[in-house]
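# Descriptive analysis of the structure
Here is how the chains run, residue by residue.
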Amino acid sequence: VFGHISYRSDWELVKVDFRPSFPRQCTDDDYESWELTNLQGDRCIMGQQRSFRKRKISSWCIKGRSFTSALTSKVCECVNSDFLCDYGFERSAPLTSESSKCFADFWFNPEAPPEDCVLGQAYTSSTGYRKVVSNVCEGGVDLQQNLAQHMCPLIAPKRLQISIREESLAVKPGEDITFIVRQEQGDILNTKYQVDLGDGFKAIYVNLTMTGEPIRHRYENPGIYRVSVKAENVAGHDEAVVFIQVNPPLQALNLEVVPVVGRNQEVNLTAIILPKNPNLTVFYWWIGNNLQPLLTLESFLVTKFAETGDVRVTVQASCGSSMLQDSKVVHVFDHFHVLPLKFTKHLDMYNPDIPEWREDIGRVVTRLLAKETNIPEETLMTVVKPGLPTTADLHVLLPANQPKRKRSVTSDKRIAAIKQALNAHNISFFLRGGYWVLVTLADSGSDSQRIGGGSGYWAIVVLFVICLVAVGAFILYKKLPGRNVYAQMHNEKEQEMTSPVNHSEDTQNIIQG
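Remember, predicted model here, so these are calculated numbers, not experimental data.

## Describing the overall build of the protein chain
- A count of helical and extended segments in the protein chain gives three helices and 37 strands.
- Within the span of the protein chain, comprising 513 residues, buried residues form 35% of the whole.
- Pairs at least 24 apart in sequence give 59% of the contacts found in the protein chain among residues at least 6 apart.
- Of the roughly 31400 Å² that the protein chain leaves accessible, carbon and sulfur atoms contribute 52%.

Dropping the structure here:
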């Protein structure tokens, strides 16, 4: 006996010796027989009658280690209670005169051949009864007798299935894929299987599902392929279809959105992916802190922001087994000015139309305007638009609630100061090939656009000349310290968009504006 003497004591062990109460070993006279019966008093249980021996209550003796309780066992004759209704059968209602009989259910056909029945072989139809599992009765009643024999007919193929061993319906070009064809019902020895993999490969197989031989294939070109298998014999046919997506992995994702928008103003969120996979990419959009994304098959989403402040927009692009993500912060204001900017046409020759290049151009314009007009740089934001010709929008934000710089102009005079700086050609760059690019106003009679306030446009053309001195046949545009460097072939405009290169002797002669 294990226990504690008190709550604070350690475990105590008390050993009790009962040997003085049982002074002798048990003999045959100390035992009596005991018949095993069920609740109804029947002695035949599971087809056998068993008796055991147990010690008499009045005998105080020790059984010993060699004691066995089993005494005798005898097999009984079978009775009705040793049988159950077979699969597809059930007993009739208890109130009927034939309540002990098993009848076929309405959905079950006892004469139907089994699923694995092969043409030329025989099968037996059930009488509606089967012996209880592990019942060992013999003789007596046999409810399974008089089983009818039938010959297996030719069965049409049914429940044909196509599966992928790799368990993925999306693969990369050139990646191996293994198809496995299964047929759960119907004849398989006399059935032909017509396989069409969707890319021009077609074949006819015999005993395809019996041998379990897989079909290995490889798709070289991206796209959606319809894979079909048709099983057919004289009795009928069945078909299984699966669609395979062959997608190259996503390499780049960029979210393009106007960084400054007005409250309750429609804004277009655009996701640019490389390589482009139309109709094969799913986009997940998260707006702010919302945990429930918006799903689209298009690469853009039009939305509105009801509250002012900074809102983070995140997009995920999923194509096959690859997924990329990009995120941008959108500044939402009640009031701000927008000045449309137009660059000289010579700038289009060096526009690779990539997000990094547009961000750099916008950053340079903002910095030069802030320096020339003494307007705080954090209240200006230049957004270069995609495509050609190269255009941009200058967002003039309201000053924050903080001490202004000593030489800052008032909010009402900032637009005039910017226009004066541009008309005076104070912002100028020297372009490759000896071009001085001058600027003129697109529409001198209009006003700037005020989001949330006034109306109209103040069309301003920015004089933007870039001086790029390079060695040999390359024209390089180097980003600010810590950014990438772009290269362009001398005579090929389409090669302006290049990947970042390391600092080398080709970049030592770069002069930044």
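Now that the structure has been shown, the text picks up again.
## Regarding the environment of Ala235
- Looking at the secondary structure, you find Ala235 in the loop between strand E19 (223-233) and strand E20 (236-246).
- Note: C-alpha distance between Ala235 and Pro157 (78 residues apart in sequence) is 8.1 Å.
- Apart from the residues lying within four places of it in its own chain, the contact partners of Ala235 are Leu154, Ile155 and Ala156.

## Examining the sheet that holds E19
- Strands sit in the order E14-E20-E19-E16-E17 across an open sheet of five strands; the sheet is mixed. For this open sheet the edge positions go to strand E14 (170-171) and strand E17 (202-206), each flanked by a neighbour on one side alone.
- Two strands pair when backbone bridges link them, and strand E16 (residues 192-196) and E19 are joined in this way by five bridges, in the antiparallel orientation. By the bridge assignment for E19, Tyr193 is matched with Ala231.

## Considerations on the state of the cysteines
- In the structure shown here, the tally under the stated rule is five disulfides.
- One disulfide in the model links Cys117 with Cys152; its S-S distance is 1.6 Å. The S-S bond linking Cys117 to Cys152 shows a torsion near -105°; that makes this disulfide left-handed. Of this pair, Cys117 sits in the loop between strand E9 (102-104) and strand E10 (122-125) while Cys152 sits in the loop between strand E12 (148-151) and strand E13 (158-164), and the two are 35 residues apart along the sequence.
- Classification of Cys117 as buried rests on a relative accessible area of 6%.
- Disulfides within the protein chain link the bonded cysteines, taken in sequence order, as 1-3, 2-4, 5-9, 6-7, 8-10.

## Things to note about the packing of aromatic side chains
- According to the stated counting rule, one finds 11 aromatic pairs in the structure shown.
- Through a chain of ring-to-ring contacts, the aromatic side chains of Tyr87, Phe89, Trp107 and Phe108 assemble into a single cluster.
- The ring of Tyr31 has Arg53 sitting right over it, with the charged end atom 4.8 Å from the ring centre.

## A few points about helix H2 (residues 355-373)
- Compared with the 27 Å implied by 1.5 Å per residue over 19 residues, the 27 Å span of H2 between its first and last C-alpha is a close match.
- Every buried residue of H2 is accounted for by Pro355, Trp357, Arg358, Asp360, Ile361, Gly362, Val364, Val365, Thr366, Leu369, Ala370 and Thr373.

## Comments concerning the sheet that holds strand E24 (residues 282-287)
- With respect to topology, five strands assemble into an open sheet ordered E22-E28-E27-E24-E25, the strand pairing being mixed. Only two strands of the sheet have a single partner each, and these edge strands are strand E22 (260-262) and strand E25 (294-296). Adjacent strand axes in the sheet meet at a mean angle of 30°, parallel and antiparallel pairs treated alike.
- Relative to E25, E24 runs antiparallel, the two sharing three bridges. Residue Trp285 lies in a different strand from E25, and its bridge partner there is Leu294.

## Brief notes about the pairing of strand E15 (residues 176-185)
- In terms of residue burial, E15 counts as a mostly covered element, since seven of its 10 residues are buried.
- Summarising the sheet, E13 and E15 pair through six bridges and their orientation is antiparallel. Looking at E15, one finds that Ser163 is bridged to Ile180.
- Pairing geometry for E15 and strand E18 (residues 215-218), over four bridges, is antiparallel. Note that in E18 the partner of Phe179 across the bridge is Ile215.

## Overview of the pattern of salt bridges
- In the structure shown here, the tally under the stated rule is nine salt bridges.
- Among the salt bridges present, the one from Asp17 reaches Arg19, with a minimum N-O distance of 3.0 Å.

Basis of the calculations
Residues numbered from 1 in each chain as written. Predicted model: local features only at pLDDT ≥ 70, side-chain atom pairs only at ≥ 80, totals over all residues. Heavy atoms only, no water. Helix = DSSP H or I, 4+ residues; strand = E, 2+ residues; numbered from the N terminus. Buried < 20%, exposed > 50% of the residue type's maximum accessible area, 1.4 Å probe, protein only. Contact = heavy atoms within 4.5 Å. Areas by Shrake-Rupley, 256 points an atom, 1.4 Å probe, with all protein chains shown as cover. Pairing = 2+ DSSP bridges. Disulfide = S-S within 2.5 Å. Phe/Tyr/Trp six-rings, centres within 6.5 Å; stacked < 30°, edge-to-face > 60°. Lys NZ or Arg CZ within 6 Å of the ring centre and 35° of its normal. Expected span 1.5 Å × (residues − 1). Axes fitted to C-alpha atoms, helices over the stretch in contact; angles between N-to-C directions. Salt bridge = Lys/Arg side-chain N within 4 Å of Asp/Glu carboxyl O.

Interpretation note: all reported values are geometric properties and have no functional meaning in isolation.
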